Every structure is written in structure tokens, then in C-alpha cells.
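# Geometric and topological summary
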Amino acid sequence: MSTQSSNGPAKIRLRHLQQAKADGRPFSMLTAYDQFAARAFEAAGVETLLVGDSVGTTVLGHSSTTATTHQDMLTFTGAVARSVTRPLVVADLAFGTYEAGPADALRHGVELVRAGAEAVKLEGGAEVAPQVRALVQAGIPVLGHLGFTPQSVNSLSGHRVQGRDEEGARRLHADALALQEAGVSAIVLELVPAALAAEVTAAVAVPTIGIGAGPQCDGQVLVWQDMAGLSGFQGKFVKAFADLRGELQRAAAQYRAEVGERAYPGPEHSFE
Ligand code: KIV
């Protein structure tokens, strides 16, 4: 696997992420919710796209991912899946679609796969192991999500680093092993101290994917609007690799000015 789309496998599969972990080659994941962003990330060689339930906060204007619905996930998963061929497309199970038990998780997981997901992600540790088993037994690959789990923002009392104390670290470690035992293909670690994330990464055979979890995870994930400087979010773990917000604002201001001066549209943009 390579970071260039022109090299490596024509289609990224979970086994390629597993191989990347074995080889010690970090891989990348970005969220994606629409065709143009998804295609740009595919062209950049990004190996995996996550149709995150963060679509609720990044696109739909909600203040929490708990507002994202299953229908939202089906709509945006379809948009991304129809737009790319190479990256592995992972979709989140929305809040309220899997907590009740394995049958619920399976029903919603099947619908995400029908919409184009190649794997689904759910939040939680040992308590969701039965759901993971049901999905995996039905042939649906599952990614776990530990540490700060945004769908539990209310019970976690806000966006806070998890596993800082001994008991929290022990629980996170045990949850990672429980998810692995249940059959997950990878585990996202969010807002976890770098040393703990490194420990968990070494302890599990499946790849870990970090967000605010230090450099030793097997892969990294960011919300694309944070990565590209569109959201303006400046969390400690975020690096903005571009200033899309500034560039968009500049373009819109120039458009407005040219419309105001009748400089746009010019003859070259007009029909005889
Ligand atoms: O929904 C999302 O964007 C996520 C990432 C933060 C990992 O779950």
C-alpha cells in the first residue's frame, strides 16, 4: 500500500490496513460526506474514508452527533460510496441504532452496507461486544471506537481526554481486548494520552486509528473540515493543512465585488 493513488492496490481492503500495521506503515483516514471531497481524497491516495456521524455537526449544523439520524447516515454514505472506488468506505452507526442490542445493530448495519458502506463503526467497549459479534457473523466488518466517544458526550461531561487515570486506562485497555475478541477489524482511539494509545496499539493485533491519540497508532483520522482549515476548529490534536475557509471567503468576496462592478460575467461568460 502506498500513499499515492497511482501505486499499490486498486482497491483498499481491510487486509491492506492489517498488512500496513504488520509492516509498520501508518495509513490515513479522513471523514467524507460528499462526492467532491471524497474524490479529492481518493486522488490524494487517502486509504480510508469515514462517513462519520460528525456529518451532523460539520454539515447539518447540529451541536452534537447525537442528533445525526440513521437516514442522514444512509444519505451521506450513498453519496460517498457512489463517488469513489479505491478507498475503503466506513460508515458510522448513528446514535440510537445499535445500543438496544444485536438485532437492532444488525438491521441498521445491513442498511448501511446496502447504501455502500464496506464496514461500519460503532462506539463503546465490552458492552457492545454482542453487537459486534452479530454484525461480524453476518459478514459486516466492524470498527470499534474507544476513548472519547462523541455519542456519549453528555455522560462523559464534554470533550475530555479519556484514560488519564489508572482505572480509566485499565478499562480502555480491557475494552480494546474485548472488541478484538468480538471480531472488530480496527479500533479508533479518540482523545487518549499518546502513551496509552501506544500501549493499546501494541497490545491488539488489529490496527488502531488515532484522533488525538498520538503518533504511535497504526493510522490517523481527522474530520476533513478540520484538516483543511474550513471549520476553524483549533483543537490541540488538529493540524490545518490548508486555509480553505480563508480561500473560500476570499473567492466569495471577489465574486461579490465583480458582480457589483459588472466585471462578472464578462463577454467570455456570456452567450451571443
Ligand atoms: O464521526 C466522526 O467523524 C468520527 C471521527 C471523529 C473518528 O467518528
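Residues numbered from 1 in each chain as written. Predicted model: local features only at pLDDT ≥ 70, side-chain atom pairs only at ≥ 80, totals over all residues. Heavy atoms only, no water.

Per an unreviewed UniProt entry, the recorded name for the protein is 3-methyl-2-oxobutanoate hydroxymethyltransferase, and the organism is Brachybacterium saurashtrense. In its Pathway (unreviewed entry) section, the UniProt entry covering the protein states "Cofactor biosynthesis; (R)-pantothenate biosynthesis; (R)-pantoate from 3-methyl-2-oxobutanoate: step 1/2." Under Subcellular location (unreviewed entry), UniProt gives the following word-for-word description of the protein: "Cytoplasm". (UniProt positions renumbered as here; feature names shortened; annotations may be inferred.)

This part covers the UniProt feature "binding site: 3-methyl-2-oxobutanoate" (unreviewed entry) in the protein. Using the residue numbers shown here, the UniProt feature "binding site: 3-methyl-2-oxobutanoate" (unreviewed entry) corresponds to Asp53, Ser54, Asp92 and Lys121. The named residues occupy 69 residues along the chain; their greatest pairwise C-alpha distance, 12.4 Å, places them in one compact cluster. The subset of these annotated residues that lines the largest pocket comprises Asp53, Ser54, Asp92 and Lys121. Looking at where Ser54 falls in the secondary structure, it is placed in the loop between strand S2 (48-51) and helix H3 (55-58). Taking relative accessible area as the criterion, Ser54 reaches 12% and is therefore assigned buried. Once you skip the residues sitting within four places of it in the chain, Ser54 turns out to touch Thr31, Tyr33, Val59, Thr65 and Val223. (1 Å grid on protein atoms, 1.4 Å probe; cavity = no way out; pocket = protein on both sides within 12 Å on 5 of 7 lines; lining within 4 Å. Helix = DSSP H or I, 4+ residues; strand = E, 2+ residues; numbered from the N terminus. Buried < 20%, exposed > 50% of the residue type's maximum accessible area, 1.4 Å probe, protein only. Contact = heavy atoms within 4.5 Å.)

Per the domain assignment, the segments of the protein are domain 1 (14-241) and domain 2 (243-272). Between domain 1 and domain 2, the C-alpha centre-to-centre distance is 38 Å. Around 390 Å² of area is buried between domain 1 and domain 2 when both sides are counted, 57% of it from carbon and sulfur atoms. Broken down residue by residue, the surface that domain 1 buries against domain 2 is led by Ala228, Gly229 and Leu230, which jointly contribute 73%. Our count for the domain 1 to domain 2 interface comes out at 0 salt bridges. Along the contact surface separating domain 1 from domain 2 lie 4 residue pairs in polar contact (both at pLDDT 80 or more). Split into classes, the residues belonging to the side of domain 1 that touches domain 2 amount to 3 nonpolar, 3 polar and no charged. (Domains from an automatic or database assignment. Buried area = accessible area lost by both parts, 1.4 Å probe. Salt bridge = Lys/Arg side-chain N within 4 Å of Asp/Glu carboxyl O. Polar contact = N/O pair within 3.5 Å; in protein donor to acceptor, adjacent residues only side chain to side chain. Nonpolar A, V, L, I, M, F, W, Y, C, P; charged D, E, K, R; others polar.)

Another point: the site of the ligand. All residues in the neighbourhood of the ligand are listed as Thr31, Leu50, Gly52, Asp53, Ser54, Asp92, Lys121, His145, Val188, Glu190, Ile211 and Val223. Here Asp53 contributes a side-chain N or O atom positioned 2.9 Å from an oxygen atom of the ligand. Within the side chain of Asp92, a nitrogen or oxygen atom sits 3.1 Å from an oxygen atom of the ligand. Compared with its free state, where it exposes 260 Å², the ligand has 96% of that area covered by protein. According to the grid-proximity analysis, the pocket containing the ligand is the largest pocket. Broken down by class, the residue content of the shell around the ligand amounts to 4 nonpolar, 4 polar and 4 charged. (Near = heavy atom within 4 Å. Areas by Shrake-Rupley, 256 points an atom, 1.4 Å probe, with all protein chains shown as cover. Sits in = over half its atoms within 2 Å of the grid points.)

The subject of this paragraph is the layout of surface pockets. The volume enclosed by the largest pocket comes to roughly 680 Å³. Taken together, 31 residues make up the lining of the largest pocket; nearest its centre are Ser54, Thr57, His159, Glu190 and Val223. Listed by contribution, the elements that provide at least two residues to the lining of the largest pocket are H3, strand S6 (186-190), strand S8 (219-222) and helix H9 (224-227). For the lining of the largest pocket, the class distribution of residues is 12 nonpolar, 13 polar and 6 charged. Lining the second largest pocket are 25 residues; nearest its centre among them are Gly212, Gln220, Val221, Leu222 and Phe237. Among the secondary structure elements, those contributing two or more residues to the lining of the second largest pocket are strand S1 (27-31), strand S7 (208-211) and S8. (Points joined across faces, edges and corners; volume = space filled by probe spheres on them.)

Before going further, it helps to spend a moment on the pairing of S6. Counting buried residues in S6 gives 5 out of 5 residues, a clear majority hidden from the surface. Of the two faces of S6, the one holding Ala186, Val188 and Glu190 and the one holding Ile187 and Leu189 are both buried throughout. Relative to S6, strand S5 (residues 142-147) runs parallel, the two being bridged by 5 bridges. Considered in S6, the bridge of Leu143 is made with Ala186. For the crossover that starts at S5, traverses helix H7 (residues 166-182) and ends in the parallel S6, the hand is right-handed. Pairing between S6 and S7: 4 bridges, direction parallel. (Pairing = 2+ DSSP bridges. Right-handed = clockwise from strand over helix to strand, strands pointing away.)

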